[in-house]
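Analysis of the macromolecular model
Next come the chains, spelled out residue by residue.
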Amino acid sequence: MLRALVTGAFFVAVGLSGCKENIVYPLPDEDVIAQYLAVTEEGRELFRTENLIPDDTYTLPYDDTVYRDVVDSVWRTISVEIDSLGPYDFGHLGQRHVATAEVNDLFFVTVIKVLGDVTDTILAERRLIRYGFFVKLGDDSKAYFGWKLWGYSSLGGTEAPVNLSVRTPDRTVSLASTMSYYTYRSPGKINLQYIKLDDIDTLESGAGLICSVASWGSSTIKYYHTISFESATGFASDGMRRLDDHHWLDTLVTPSPNHRLWNVIFVQSFVPPPGYNFVRGWCVPYRVPQ
């Protein structure tokens, strides 16, 4: 009889537990910020991997070879650091907590080289690291627990290998292409230089851009460069034109119409022949009025 009562009590308990709502555990802030980068418009576009390395052909000034880069896969890791020393004073916004996300993308690329009737392939890896600076503007009841992408960096704590300028022909707009444009520094232990999203320059659809590279100081440039961008006809890659040992030049035109609110120009530096080894890549962001 006692055994029957215990068994009956067990099934009653199981039945009652089935009537309860499922417990939903909150996500860690780190996962929420990673989700923000994957879902929001600014996260998807400023940190995109699609078409950063287009598979169209381009040439370089060193030989008559025609090159084409084919991305086989991309391995992404996201490391989020929530600053534990805050909150910090953000003026009229009050005391706010901050965080930084490091987005590390490793591109596995097949480089196809065609010279006359001879075709050769090279397997290569190219790493791109970008950073997002986040401020918690709301509480946990808000979207993404109140976290908002506040700043952007594609250089981290290290200057670009060359002095790159990306500007409109009339010089009224000059995009953030070197550390000198990252005029803000995150508080606390994170210590990241960044450009505020509100300060990223706006380009009208179909805007022309002059991209020029100069060496730092009097040393000759030990790299060659390619630029990837979105044009009116799609995504394209250009090998920059070598003017002399100190200067390289290229021009491009942005899409018209440009349906993206945010976009980036991707710059890559390589060691000249015979190596053709990848040195570094970084992104130059811009906005488009909608």
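Rules used throughout
Residues numbered from 1 in each chain as written. Predicted model: local features only at pLDDT ≥ 70, side-chain atom pairs only at ≥ 80, totals over all residues. Heavy atoms only, no water. Pairing = 2+ DSSP bridges. Helix = DSSP H or I, 4+ residues; strand = E, 2+ residues; numbered from the N terminus. Axes fitted to C-alpha atoms, helices over the stretch in contact; angles between N-to-C directions. Buried < 20%, exposed > 50% of the residue type's maximum accessible area, 1.4 Å probe, protein only. Contact = heavy atoms within 4.5 Å. Phe/Tyr/Trp six-rings, centres within 6.5 Å; stacked < 30°, edge-to-face > 60°. Core = buried A, V, L, I, M, F, W, Y, C linked by side-chain atoms within 4.5 Å.

Topic: the pairing of strand β6 (residues 118–136)
Each regular strand shows side chains that alternate between the opposite faces of the sheet. Where strand β5 (residues 98–115) and β6 come together, 18 bridges link them in antiparallel fashion. In the sheet register, L115 faces β6, and the bridge partner there is V118. Linking β5 back to β6 in an antiparallel pair, the connection comprises two residues, with G116 at a positive phi of about 65 degrees. Here six bridges tie β6 to strand β7 (residues 147–153), and the two strands are oriented antiparallel to one another. Considered in β7, the bridge of V135 is made with K148.

Examining the sheet that holds strand β17 (residues 278–287)
Ordered by their spatial adjacency, four strands build an open sheet running β13-β12-β16-β17, and the pairing between neighbours is antiparallel. In the strand order of this sheet, the two ends are held by β13 (234–239) and β17, each with one partner. Across the sheet, the mean angle from the axis of one strand to that of its neighbour is 20 degrees, orientation sign disregarded.

Quick look at unusual backbone geometry
For the bond from S256 to P257, the omega torsion is -5 degrees, close enough to zero to count as cis. Within the fold, P257 resides in the loop between β15 (247–253) and β16 (262–270). In this structure, F145 is a non-glycine residue whose phi angle is positive, near 55 degrees. Counting through the fold element by element, F145 comes out in the loop between β6 and β7. Overall, F145 belongs to the buried group, its relative accessible area being 18%.

Let's talk about the sheet that holds strand β9 (residues 184–185)
Pairing in this open sheet of seven strands is antiparallel, and the strands run β1-β2-β5-β6-β7-β10-β9 from one edge to the other. This sheet does not close on itself; its edge strands, each paired only once, are β1 (57–59) and β9. In terms of strand pairing, β9 meets strand β10 (residues 193–196) through two bridges, oriented antiparallel. The residue of β10 that forms the bridge with Y184 is Y194. Taken strand by strand, helix α2 (residues 29–39) contacts β2 (66–82), β5, β6 and β7, and its axis lies near 150 degrees from that of β2.

Description of the packing of aromatic side chains
Inspection of every chain in the model, using the stated rule, returns nine aromatic pairs. Ring centres 5.3 Å apart and planes at 75 degrees place the aromatic pair F47 and Y152 in the edge-to-face group. Placement of the pair is F47 in the loop between α3 (41–46) and β1 and Y152 in strand β7, with a sequence separation of 105 residues. Relative to Y67, the ring of Y58 has its centre 5.7 Å away and its plane inclined at 20 degrees; by these criteria the two rings are stacked. Summarising the burial analysis for this pair, Y58 and Y67 share the class buried.

Structural notes on the nonpolar core
Membership of the largest hydrophobic core comes to 60 residues, with the highest contact counts inside it found for L46, F134, Y152, L175, I227 and I265. Each residue touching I265, except ones within four places of it in the same chain, is listed here: V166, L175, L209, I227, S228, F229, L252, W282, C283, V284 and Y286. Grouped together as the second largest cluster of nonpolar side chains are 10 residues, V98, Y131, W150 and I190 included.

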